[in-house]
Amino acid sequence: MQAAKPLFDYPKYWAECFGPAPFLPMSREEMDQLGWDSCDIIIVTGDAYVDHPSFGMAIIGRLLEAQGFRVGIISQPDWRSKDDFMKLGEPNLFFGVAAGNMDSMINRYTADKKIRSDDAYTPGGLAGKRPDRASLVYSQRCKEAYSHVPVILGGIEASLRRIAHYDYWQDKVRRSILMDATADILLYGNAERAVVEVAQRLSRGESIESISDVRGTAFIRRDTPQGWFEVDSTRIDRPGRVDKIINPYVNTQDTEACAIEQGKGGEVEDPNEAKVVQILESPRMTRDKTVIRLPSFEKVRNDPVLYAHANRVLHLETNPGNARALVQRHGEVDVWFNPPPIPMSTEEMDYVFGMPYARVPHPAYGGERIPAYEMIRFSVNIMRGCFGGCTFCSITEHEGRIIQNRSHDSIIREIEEMRDKVPGFTGVVSDLGGPTANMYRIACKDPEIERHCRKPSCVFPGICENLNTDHSSLIELYRKARALPGVKKILIASGLRYDLAVESPEYVKELVTHHVGGYLKIAPEHTERGPLDKMMKPGIGSYDRFKQMFEKFSKEAGKEQYLIPYFIAAHPGTTDEDMMNLALWLKRNGFRADQVQAFYPSPMATATAMYHSGKNPLRKVTYKSDGVEIVKSEPQRRLHKAFLRYHDPKGWPLLREALQRMGRADLIGPAKHQLIPATQPVGDGSYQSARRKNSTPVGSKKAGAGGKILTQHNGLPPRGSDGAKPWDKREQAKAAAFAKMQEQKKGGKASGGGKKKPRPVAPR
């Protein structure tokens, strides 16, 4: 993999003399206090400004500040006019625009397209503080405010919408966000390298239009660069009926010279008989000067198979060691995508996370609670990236599959700083993890193999023989962290890749003995091969193996601890029978899910391509290739969620009808092996939702100690063999005794005056 210029080797901009700010300014008054007459760079974000390395605006802002630039923040501006975008004045170099830590549509809408009632990244959790497709709207307002100032898009929303993408909320394929946002350039993935390079070059007087060679960037171009060879994507992975290319080296923008349209409405060509043109090696045709032309926006918009093909090629070109540039036609212009950025070294990761973060929200919020901050307030990010490749997840697309690690010393320093400076620290570190808790320092055994690899996952369908699964460095880190003075407990809350963990029994023992707070959340996602293969997740046997180790080491440690598995409903590849089998597994194992996660088609994810096209981009895509079972209709999505919540009486009528239709009426009845009863319970049969449960007032008989509701997701032990919880019988006995005592006081009957018999209440 080619070397990249280290982030700390750039010359500092002249404004370095001002030094770091306590907080990046959000007003002209703060700028005056810092002695600034203007900002060099202004970051516009859809999130509240929290000066913590878990928030994008803080990392990018502090990094640019370390390069010597004066950086201001415009947080959650009123997008209805340009006024808020002018409150810090005109930036000398550029506006940096991001929707926030989440895609703004996912942030605002549920998987059922209902508007959420809150926003975790807003003070007070208030909803409605950012527009739909915030990156696009913010970019347009920045151009309205100062039309000549460059606008640079970044963040996960821009990253996942950089190409023509299926939009779940409009149920159509939308153009690259660059075409609608009026931005000058887009930085995708973790953008530290790209943003520093672009800022440095702009500060030297280069125009934004001339910056076209930075990795991890996308931009619009109207010309064909000299010295580049263009290869049509269908020569890499032929999807079936496509334009025939006369010469693979010809400029494919000249459609009259290079393509012959196949007869429309004729017989579809058999892909198994078609001979793919092999591109011969040429001394002038190198990977770093080769660009792959994807089907145009107009084609993928109208042809779901070509959309799946484009998605497959895009994911094949994600390894920084061998990825080629991509280009996609949009009308009269091209959107050009340079290869992904080179991953950061450990020294660079330490540099980025070692900035002078205040680690608290900006004082302008007056101490108002920001839910997302409260969640990560006492957590430490130890790495980036994920090589799992789960098709429904955006982490790999955004952060890459090569793990970028911090050093032990850097992590320990951050824990000490958090202990000494962050208000409210009680000695408990809530998480020591990242996208995946146990991928720290796990990588390919050979850098050369890693550089040439094009697999979408290192752990599917099994763990790659070239993957080093040694957890010893992570074990050592855990031991160092919990030995720190003032640290009472180190919890691991990040998602655990349990198929990796079982390769290191010592790690599982260390985790279970010292770092589980009563329960551990993991995500098998399903039990059936059909959906698991489409997710690129391991079989349920890996979960069973991990569960055995978890219980064994918990018993040895003398601790009562529980695994809380999470599952997805309505994922591509899932049949009604699959969900029925999952529900039976849940009942056999005594799990009652309070909250159900339904598949959410996020932009650019492989599973989203399956959802839209009905094809599987994990394999060669053709018009005759097997289709994928898709759950799109609202009734079927409700059914799949009802199977996950088989214990909810409200779903029983739907389940009875479905089981009878499926020929499985034998699962309706009171026996243990049956899924649901044949009759509805007395009353309305309603089931209180998790949201309502969590709002139960303290003192209610439904609340546990401290007023917290005990559920399978926050520590409720497994059900007994007869279906009752261990403490249900005790509470029922207490309630019966209390009721009997009340009746005895009243003489066993209600007293006069029309008063009713006292209602039995279980004592707290």
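Rules of the game
Residues numbered from 1 in each chain as written. Predicted model: local features only at pLDDT ≥ 70, side-chain atom pairs only at ≥ 80, totals over all residues. Heavy atoms only, no water. Helix = DSSP H or I, 4+ residues; strand = E, 2+ residues; numbered from the N terminus. Buried < 20%, exposed > 50% of the residue type's maximum accessible area, 1.4 Å probe, protein only. Contact = heavy atoms within 4.5 Å. Areas by Shrake-Rupley, 256 points an atom, 1.4 Å probe, with all protein chains shown as cover. Axes fitted to C-alpha atoms, helices over the stretch in contact; angles between N-to-C directions. Parallel < 35°, antiparallel > 145°, perpendicular 65-115°, else oblique. Left-handed = near helix turned anticlockwise from the far one by under 90°. Nonpolar A, V, L, I, M, F, W, Y, C, P; charged D, E, K, R; others polar. Pairing = 2+ DSSP bridges. pLDDT = per-residue confidence, 0-100. Core = buried A, V, L, I, M, F, W, Y, C linked by side-chain atoms within 4.5 Å. Salt bridge = Lys/Arg side-chain N within 4 Å of Asp/Glu carboxyl O. Expected span 1.5 Å × (residues − 1). Phe/Tyr/Trp six-rings, centres within 6.5 Å; stacked < 30°, edge-to-face > 60°. Lys NZ or Arg CZ within 6 Å of the ring centre and 35° of its normal.

## Some details on the overall build of the protein
Helices and strands together make up the secondary structure of the protein, namely 26 helices and 23 strands. Relative to its 764 residues, the protein shows a buried fraction of 56%. Here the analysis covers contacts within the protein between residues at least 6 apart in sequence; of these, 74% occur between residues at least 24 apart. When the accessible surface of the protein is totalled, it reaches about 33,200 Å², and 51% of it is carbon and sulfur.

## A look at the packing of helix H18 (residues 505-514) against helix H20 (residues 540-556)
At a closest axis distance of 9 Å, the pairing of H18 and H20 adopts a crossing angle of 55°. Relative to H20, H18 is oriented oblique. The two elements H18 and H20 cross, and the hand of that crossing is right-handed. Across the interface between the two elements, Pro505, Val508, Lys509 and Val512 of H18 pack against Phe546, Met549, Phe550, Phe553, Ser554 and Glu556 of H20. Among the residues making up the contact of H18 with H20, the classes are represented as 7 nonpolar, 1 polar and 2 charged.

## Some thoughts on the sheet that holds strand E3 (residues 94-98)
Taken in spatial order, the 10 strands of this open sheet run E2-E1-E3-E4-E7-E8-E14-E13-E12-E9, and their pairing is mixed. Two strands close off the open sheet at either side, each with one partner strand: strand E2 (71-75) and strand E9 (229-232). Sheet twist, expressed as the mean angle between neighbouring strand axes with direction ignored, is 25°. Of the pairings in the sheet, the one linking strand E13 (residues 325-330) to strand E14 (residues 333-337) comprises 5 bridges and is antiparallel in character. The residue of E14 that forms the bridge with Gln328 is Val335. Relative to the sheet, helix H2 (residues 56-66) contacts strand E1 (41-45), E2 and E3, its axis offset from that of E1 by approximately 175°.

## Observations concerning the confidence of the model for the protein
If pLDDT is low for a region, its predicted coordinates should not be looked at in detail. Mean pLDDT for the protein: 86, with 83% of residues reaching 70 or above. The low-confidence segment residues 686-731 (pLDDT under 50) makes 70 contacts with residues lying over four places distant or belonging to another chain.

## Observations concerning the pairing of E3
When you tally the buried positions in E3, you get 5 out of 5 residues, the bulk of the element. Going residue by residue along E3, you find Phe94, Gly96 and Ala98 tucked away on one face and Phe95 and Val97 tucked away on the opposite face as well. Here E1 pairs with E3 via 5 bridges, running parallel. Counterpart to Thr45 in the pairing with E3 is Ala98. Alignment of E3 against strand E4 (residues 151-153), held across 3 bridges, turns out to be parallel. Within E4, the position partnered with Gly96 by the bridge is Ile152.

## Focus: the nonpolar core
General note: in soluble globular proteins, nonpolar side chains tend to be found buried as a group. In this structure, Ile415, Leu432, Phe546 and Phe643 are the most contacted members of the largest nonpolar core, which totals 130 residues. Tallying contributions element by element places helix H21 (residues 576-588) first for this core, with 7 residues. Ignoring any residue separated from it by four or fewer positions in sequence, one finds Phe546 in contact with Leu496, Tyr498, Ala501, Val502, Val508, Leu520, Ile522 and Leu563. Judged by nonpolar contacts, the second largest core, of 43 residues, contains Val137, Cys142, Tyr146 and Val149.

## Focus on the pairing of strand E12 (residues 290-294)
In terms of burial, E12 is largely enclosed, as 5 of its 5 residues are buried. Judged by which residues are buried, E12 turns out to be covered on both faces: Thr290, Ile292 and Leu294 on one side and Val291 and Arg293 on the other are all buried. Relative to E12, E9 runs parallel, the two sharing 4 bridges. Note on E12: the bridge partner recorded for Asp232 is Arg293. As defined by bridge partners, E12 adjoins E13 across 4 bridges and the pair is classed as parallel. Counterpart to Ile292 in the pairing with E13 is Leu326.

## A look at unusual backbone geometry
A cis amide bond links Phe460 to the next residue, Pro461, at an omega of 5°. Relative to the elements of secondary structure, Pro461 occurs in the loop between helix H15 (447-452) and helix H16 (472-482). The phi dihedral of Asp171 falls on the positive side, at around 55°, and the residue is not glycine. Among the secondary structure elements, Asp171 is positioned in the loop between strand E5 (165-167) and strand E6 (172-174). The backbone of Glu525 shows a phi angle near 75°, a positive value even though the residue is not glycine. Counting through the fold element by element, Glu525 comes out in strand E21 (residues 519-525).

## With respect to the pattern of salt bridges
Enumeration according to the criterion identifies 45 salt bridges in this entry. A salt bridge links Asp666 to Arg664; its shortest N-O distance comes to 3.0 Å. The partly exposed category is assigned to Asp666, whose relative accessible area is 41%. What makes Arg664 partly exposed here is its relative accessible area of 27%. The network of salt bridges with shared partners includes Asp103, Arg133, Arg161 and Asp167.

## Thoughts on the sheet that holds E21
Strand pairing in a sheet takes place through backbone hydrogen bonds and is either antiparallel or parallel in direction. What the 3 strands build is an open sheet, ordered E21-E22-E23; its pairing is parallel. Edge positions in the sheet fall to E21 and strand E23 (597-598), since each has one partner strand and no second. Set on the sheet, helix H23 (residues 634-644) makes contact with strand E22 (562-569) and E23; between it and E22 the angle comes to about 165°.

## Here we look at helix H4 (residues 134-145)
Compared with the 16 Å implied by 1.5 Å per residue over 12 residues, the 16 Å span of H4 between its first and last C-alpha is a close match. Within H4, burial applies to Ala134, Ser135, Leu136, Val137, Tyr138, Ser139, Arg141, Cys142, Lys143 and Ala145.

## Some remarks on the packing of H23 against helix H24 (residues 652-661)
The axes of two packed helices give the description: the angle between them and the distance between them. Interhelical geometry of H23 versus H24 gives an angle of 100° and a closest axis separation of 10 Å. When the interaxial angle is binned, H23 and H24 end up roughly perpendicular. Across the interface between the two elements, Arg638, Leu639, Ala642 and Phe643 of H23 pack against Leu654, Leu655, Ala658, Leu659 and Arg661 of H24. A breakdown of the residues in the contact of H23 with H24 according to their chemical character gives 7 nonpolar, no polar and 2 charged.

## A few points about the packing of aromatic side chains
In this structure the tally under the stated criterion is 23 aromatic pairs. Relative to Phe550, the ring of Phe546 has its centre 6.3 Å away and its plane inclined at 35°; by these criteria the two rings are tilted. Highlighted residues: Phe546 and Phe550, both in helix H20, separated by 4 residues, approximately one helical turn. Each member of the pair, Phe546 as well as Phe550, is classed as buried. Where Phe567 meets Trp585, the ring centres are 5.6 Å apart and the plane angle is 65°; that geometry is what we call edge-to-face. Placement of Phe567 in strand E22 and of Trp585 in helix H21 is noted, with a sequence separation of 18 residues between them. The buried category is assigned to Phe567, whose relative accessible area is 7%. Put simply, the rings of Tyr498, Tyr543, Phe546, Phe550, Phe567, Trp585 and Phe591 touch in pairs and so form one group of aromatic residues. Over the ring of Tyr168 we find Lys113, and its NZ or CZ is 4.5 Å from the ring centre. For Arg162, the ring lying beneath its charged end belongs to Tyr188, and the centroid distance is 3.9 Å.

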